[in-house]
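Coordinate inspection notes
Chain by chain, the residues run as shown.
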Amino acid sequence: MAATHSPMLRALAGDRPEQTPVWFMRQAGRSLPEYRELRVGTRMLDACLTPELAAEITLQPVRRHKVDAAVFFSDIVIPLRLAGVEVEIEPGRGPVFANPVRTRADVDRITAIDPADLDHEAITAAIRIITAELGDTPLVGFAGAPFTLAAYLIEGGPSKEHLRARAMMHADPESWNRLADWLSRVSRRFLEAQIDAGASAVQLFDSWAGSLNPDDYRAHIAPHSKASVIDLPVPVIHFGVGTGPFLGDMRLDGITSAVGVDWRMPLDEAAAVLGPDVTLQGNIDPALLQAPWEILEKHVLEVLRRGRSARAHILNLGHGVPPETDPDQLTRIVELAHAQQGLGA
Ligand code: CP3
């Protein structure tokens, strides 16, 4: 495990290190020419399951940008692939499933697979290579939250409003609960494998939770998300997009160390909602990565200023790095954040 004095782990514990730690969701990937070169001829999910390749791709942005954390190069659908579910990532689109899970019989079939039987050897092998090179820089592991995974699995692919998933939770709550419970156990196993192999923190991605209303989130989603991360031996970051209307619930009854905030809600407002017992992560607007540096710089300084309202702040984007981003913009953000001394105390 990475030394607990690293700025990232200190911030997760509620401390304010001299320099605000910074990393980027989707820092590994298409914004980097060295990634595009390595990926030629290998499908996305095959790359994730080739330990040397996944390790190298994870390390590329750490070497280039000098970020305070690595994030494991994998995908939220990898545990489903390990469960034998037929899934591919279509470039420019996202995860696509050969057999969507729509009926009670579909739910019976998929939940008959025991998450305890999944073989995570390709994951743990990659993480052992990564942590050996990282030294004191922590590795963030991750998994998809049950709702976001279900939204893909039930639709069969990406969708805008996730209508079929939201329909199932009301039309057939029994099937919904069985599927969401199974997904929470699958993601939990994926997280445990990453932690056992050396990840020092984990992030639960509920990217599409923003399509829910607060009552549905509380009743049908939060208990399953909580089950996927409760009592893990490392700090948990919980991230969603568009979750402003139920941001307080993203703390999952106080078990998360940090909540990720998207670009819509200023961090001081988020801190007022979430209170003094949680670290905030975010929330540079990914759109501003396309702006001239002077404008982006002002925005980053404003995010850092507002982040001072929280007990601690981990600088990140409000969602992932868009593929067309000039990677030098990311390097400049890291340099800027590290040059701001004493933002704490
Ligand atoms: O953050 C990181 O750098 C770690 C790697 C990571 C990937 N996917 C790599 C990836 C993480 C944390 C994810 C999680 C993930 N995957 C989420 C949650 C985070 C989020 O963005 O909201 C979701 C929704 C997915 C599903 C998924 N996988 C989508 C929607 C896509 C994009 C499809 C496209 O081509 O635009 C993917 C593919 C994917 N996952 C890529 C990467 C680097 C691009 C694949 C490529 O290089 O062709």
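Now for a look at the structure at hand.

About the cut-offs
- Think of each chain on its own: its residues are numbered from 1, step by step along the sequence as written.
- In keeping with the predicted nature of the model, local features appear solely for residues at pLDDT of at least 70, side-chain atom pairs appear and are counted solely at 80 or more, and the whole-chain, interface and lining totals rest on all residues.
- The basis for the side-chain values is all heavy atoms of the structure; hydrogens and waters are excluded.
- Points on a 1 Å grid over protein atoms alone make up a cavity when a 1.4 Å probe fits among them but cannot get out, and a pocket when they form an open set with protein on both sides within 12 Å along at least five of seven lines; lining residues each have an atom within 4 Å of a point.
- Grid points are joined across faces, edges and corners, and a volume is the space filled by probe spheres set on the points.
- Helix and strand definitions here come from DSSP, where helices need a minimum of 4 consecutive H or I residues and strands a minimum of 2 consecutive E residues; each element is numbered from the N-terminal end.
- Residues are grouped as follows: Ala, Val, Leu, Ile, Met, Phe, Trp, Tyr, Cys and Pro are nonpolar; Asp, Glu, Lys and Arg are charged; every other residue, Gly included, is polar.
- For every residue, the accessible area obtained with a 1.4 Å probe (protein chains only) is divided by the maximum for its type, and the residue is called buried under 20%, exposed over 50%, and partly exposed between those limits.
- Pairing between strands is defined by DSSP: at least two bridges between the two strands are required.
- By definition here, a salt bridge exists when the distance from a side-chain nitrogen of Lys or Arg to a carboxyl oxygen of Asp or Glu is within 4 Å.
- By convention in these notes, a residue is near a molecule or strand provided one of its non-hydrogen atoms lies within 4 Å of it.
- In the analysis that follows, any N or O atom pair within 3.5 Å is treated as a polar contact, provided that within protein one partner can donate a hydrogen and the other can accept it, and provided that, for residues neighboring in sequence, both atoms belong to side chains.
- Throughout, the Shrake-Rupley method with a 1.4 Å probe supplies accessible areas, and for residues the shown protein chains are the sole cover considered.
- A cavity or pocket is said to hold a molecule if more than half of that molecule's atoms lie within 2 Å of its grid points.

**With respect to the layout of surface pockets**
Considered as a void within the structure, the largest pocket measures approximately 1200 Å³ in volume. Along the wall of the largest pocket there are 35 residues; nearest its centre are Arg 26, Arg 30, Met 44, Asp 75 and Ile 89. Sorting the residues of the lining of the largest pocket by element identifies helix H2 (33–39), strand E2 (87–90), strand E3 (94–97) and helix H8 (146–155) as the ones contributing at least two each. For the lining of the largest pocket, the per-class residue count stands at 19 nonpolar, nine polar and seven charged. Taken as a whole, the second largest pocket spans an internal volume of roughly 240 Å³. Taken together, 14 residues make up the lining of the second largest pocket; nearest its centre are Val 85, Asn 99, Val 101, Arg 109 and Ile 110. With three residues, the top contributor of residues to the lining of the second largest pocket is helix H6 (residues 104–111). Residue classes in the lining of the second largest pocket are distributed as nine nonpolar, two polar and three charged.

**Focus on the pairing of E2**
Of the two faces of E2, only one is covered, namely that formed by Val 87 and Ile 89; the face formed by Glu 88 and Glu 90 stays uncovered. As paired elements, E2 and E3 share four bridges and run antiparallel to each other. Along E3, the bridge assignment pairs Glu 90 with Gly 94.

**Side note on the pattern of salt bridges**
If you walk through the whole model with that rule in mind, you get 26 salt bridges. One salt-bridge network, held together by shared partners, links Arg 104, Asp 108, Asp 172, Glu 174 and Arg 178.

**Quick notes on unusual backbone geometry**
The linkage connecting Gly 282 with the following residue, Asn 283, adopts the cis geometry, with an omega of -20 degrees. Within the secondary structure, Asn 283 is located in strand E8 (residues 279–284). Positive phi outside glycine occurs at Lys 66, with the angle close to 60 degrees. Mapped onto the secondary structure, Lys 66 falls in the loop between helix H4 (51–65) and strand E1 (70–71). For Lys 66, a relative accessible area of 56% translates into the label exposed. Of note in the backbone geometry, Asp 253 takes a positive phi value of approximately 60 degrees without being a glycine. Secondary-structure assignment places Asp 253 in the loop between strand E6 (236–240) and strand E7 (258–260).

**A word on the site of the ligand**
Around the ligand, the surrounding shell holds 27 residues, and the nearest of these are Arg 26, Tyr 35, Gly 92, Ser 207 and His 319. At 2.5 Å from an oxygen atom of the ligand is found a main-chain nitrogen or oxygen belonging to Arg 26. Contacts to the ligand include Ser 207, whose side-chain N or O atom sits 2.4 Å from an oxygen atom. Summarising the interface, the protein chains cover 92% of the accessible area of the ligand, which totals 870 Å² for the free molecule. If you map the ligand onto the pockets, it falls in the largest pocket. Among the secondary structure elements, those contributing two or more residues to the shell around the ligand are H2, E2 and E3.

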